[in-house]
Amino acid sequence: MPRNDGPLEEREAIQQSSWIANAEAWTAAVRGGEIASRKNGTDAAILEACRAEGGMRVLDVGCGEGWLARGLATSGASVVGVDASAPLIDAARAATGAATGAATGAAAGDARYDVVDYDTISRSPHLVSGPFDLIVCNFALLDHDLVPLLRALRERLAPQGRVVIQTVHPCFAAGEEGYQDGWREERFAAFGGGFSAPMPWYFRTMQSWSIAFAHAGLAVRDLREPRSSTGAVLSVIFECGSAEVG
């Protein structure tokens with residue numbers, strides 16, 4: 001197993017393998033309500049920002065065990081969920097199948113799930129079908145270089161389509177390392193038990209997010225800062241469109 005302080009390729013390999021090793025624990029934490037920020041408002045915030053309607057075509061990038069895809073499908077959207085972790089996709093398919101009575105859930109109802117990593121999307125955007133009215137990335141953009149992926153996602157947007165991204169708010173989640181770009185490590189200590197593999201992830205400032213969007217050909221149309229009932233800032237949500245669309 002590569003070390004967490006190794007070169008970029010090793011960090012990204014560790015990140016991807018952590019989502020495989022932690023798939024069961026993550027699924028249990030999400031479905032058991034173990035993650036405080038989600039209960040405090042981030043789940044509701046991303047559903048509100050997506051504003052899914054009947055007939056919408058949606059791509060959920062980094063869909064995990066599928067909670068958001070299922071929620072958007074309930075609103076009448078046709079959803080494709082993709083994730084690099086096969087065990088998480090299995091969990092998503094099983095949950096969708098259980099909800100609809102399907103045997104496997106692989107293409108049940110208005111949500112289907114595929115194992116696709118970000119490099120594959122970046123190289124071959126057409127493999128995720130589309131075009132999509134909405135592409136959502138909910139706490140799913142954790143790599144060092146986001147531009148190739150964001151550019152590929154922009155290519156899969158329908159005219160007037162939106163990319164909605166929820167992530168940690170840089171101004172309130174800098175931690176001990178300070179407000180500067182750099183690799184951090186998530187040990188999932190507050191998410192319940194069963195997590196066996198720490199996960200490297202890349203922290204970026206607001207300026208770095210802005211630069212990434214510009215280089216990918218995306219323009220921020222709206223920005224939200226979800227808060228808890230106590231007023232604490234929980235996250236930031238960027239709503240983007242193609243910079244080529246007025």
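This text goes with the structure placed above it.
Every value quoted in this text rests on a predicted model; they were computed, and no experiment measured them. Along each chain, residue indices are assigned from 1 in the same order as the chain's sequence is written. This being a predicted model, a pLDDT of at least 70 is required before a residue's local features are given, and a value of 80 or more before pairs of side-chain atoms are given or counted; all residues contribute to the totals for chains, interfaces and linings. Where side-chain values are given, they derive from all heavy atoms of the structure, hydrogens and water being excluded.

Draft legend 1. Fine view of the overall build of the protein chain. Secondary structure follows DSSP: runs of H or I at least 4 residues long count as helices, runs of E at least 2 residues long count as strands, and numbering of each begins at the N terminus. Looking only at helices and strands, the protein chain has 8 helices and 9 strands in total. A principal-axis box enclosing the C-alpha atoms of the protein chain has dimensions of 45 × 45 × 40 Å. Contacts were defined at the residue level, with two residues in contact if any of their heavy atoms lie within 4.5 Å. A sequence separation of at least 24 residues applies to 65% of the contacts in the protein chain between residues at least 6 apart. For accessible areas, the Shrake-Rupley method is used with a probe of radius 1.4 Å. Any residue's cover is judged against the shown protein chains and nothing else. Here the protein chain has roughly 11,300 Å² of accessible surface; of this, 50% comes from carbon and sulfur atoms.

Draft legend 2. Highlighting helix 4 (residues 67-74). Exposed residues in this analysis have more than 50% of their type's maximum accessible area, buried residues have under 20%, and partly exposed residues fall in between, with area computed by a 1.4 Å probe over protein chains only. The complete set of buried residues in helix 4 reads Trp67, Leu68, Ala69, Leu72 and Ala73. Where helix 4 is buried, its residues contact helix 2 (23-31), helix 3 (36-50), strand 1 (57-61), strand 2 (78-83), strand 3 (111-115) and strand 4 (132-138). Gly76 sits one or two residues past helix 4 and shows a positive phi near 105°.

Draft legend 3. Molecular detail of the pattern of salt bridges. Between Lys or Arg on one side and Asp or Glu on the other, a salt bridge is scored when a side-chain nitrogen of the former is within 4 Å of a carboxyl oxygen of the latter. Counted according to the given criterion, the structure contains 11 salt bridges. Close ionic contact of Glu65 with Arg70 constitutes a salt bridge, the shortest N to O distance being 2.9 Å. Salt-bridge contacts for Glu185 lead to Arg187; the nearest nitrogen and oxygen are separated by 3.0 Å. The class for Arg187 is exposed, based on a relative accessible area of 56%.

Draft legend 4. The arrangement of the side chain of Ser228 in detail. Structurally, Ser228 can be placed in the loop between strand 8 (218-224) and strand 9 (236-242). For Ser228, a relative accessible area of 13% translates into the label buried. Side chain to side chain, Ser228 and Thr230 meet in a polar contact 2.8 Å long. We define a polar contact as two N or O atoms separated by no more than 3.5 Å, with the added condition that, inside protein, one atom must be a possible hydrogen donor and the other a possible acceptor, whereas residues neighbouring each other in sequence contribute only through side-chain atom pairs.

Draft legend 5. Expanded view of the sheet that holds strand 1. Pairing between two strands requires that DSSP report at least two bridges joining them. Strand order in the open sheet made by the 7 strands is 3-2-1-4-5-9-8, with mixed pairing throughout. The strands lining the two open edges of the sheet, one partner per strand, are strand 3 and strand 8. Strand-to-strand, the axes of this sheet are offset by a mean angle of 20°, without reference to chain direction. Both strand 1 and strand 2 contribute to a ladder of 5 bridges, which runs parallel. Bridging across to strand 2, Arg57 finds its partner in Ser78. The axes are straight lines fitted to the C-alpha atoms, using for helices just the contacting stretch, and the angles between their N-to-C directions are given from 0 to 180°. Relative to the sheet, helix 7 (residues 147-155) contacts strand 1, strand 4, strand 5 (157-167), strand 8 and strand 9, its axis offset from that of strand 5 by approximately 145°.

Draft legend 6. Spotlight on unusual backbone geometry. Backbone torsion omega between Gly130 and Pro131 reads 5°, so that peptide bond is classified as cis. Among the secondary structure elements, Pro131 is positioned in the loop between helix 6 (118-123) and strand 4. The phi dihedral of Ser129 falls on the positive side, at around 60°, and the residue is not glycine. Here Ser129 is to be found in the loop between helix 6 and strand 4. A positive phi angle is found at Phe188, which is not glycine, with a value near 60°. With respect to the secondary-structure elements, Phe188 resides in the loop between strand 6 (182-186) and strand 7 (199-203).

Draft legend 7. Spotlight on the packing of aromatic side chains. Stacked, edge-to-face and tilted labels apply to pairs of Phe, Tyr and Trp rings (six-membered ring for Trp) whose centres lie within 6.5 Å, assigned for plane angles under 30 degrees, over 60, and everything in between, in that order. In this structure the tally under the stated criterion is 12 aromatic pairs. Centroid distance Tyr179 to Phe203: 6.3 Å. Interplanar angle 80°. Geometry classified as edge-to-face. With Tyr179 in the loop between strand 5 and strand 6 and Phe203 in strand 7, the pair connects residues that are 24 residues apart, well separated along the chain. Owing to a relative accessible area of 43%, Tyr179 belongs among the partly exposed residues under this scheme. Judged by its relative accessible area of 1%, Phe203 falls in the buried class. The interplanar angle of 10° and the centroid separation of 4.6 Å between the aromatic rings of Phe188 and Phe195 together place this pair among those described as stacked.

Draft legend 8. Summary view of the environment of Gly81. Relative to the helices and strands, Gly81 is located in strand 2. Under the relative-accessibility criterion, Gly81 is labelled buried at 0%. The sequence separation of Gly81 and Gly54 amounts to 27 residues, and the corresponding C-alpha distance is 17 Å. The contacts of Gly81, once residues within four sequence positions are left out, are Asp60, Cys63, Ile89, Arg112, Tyr113 and Asp114.

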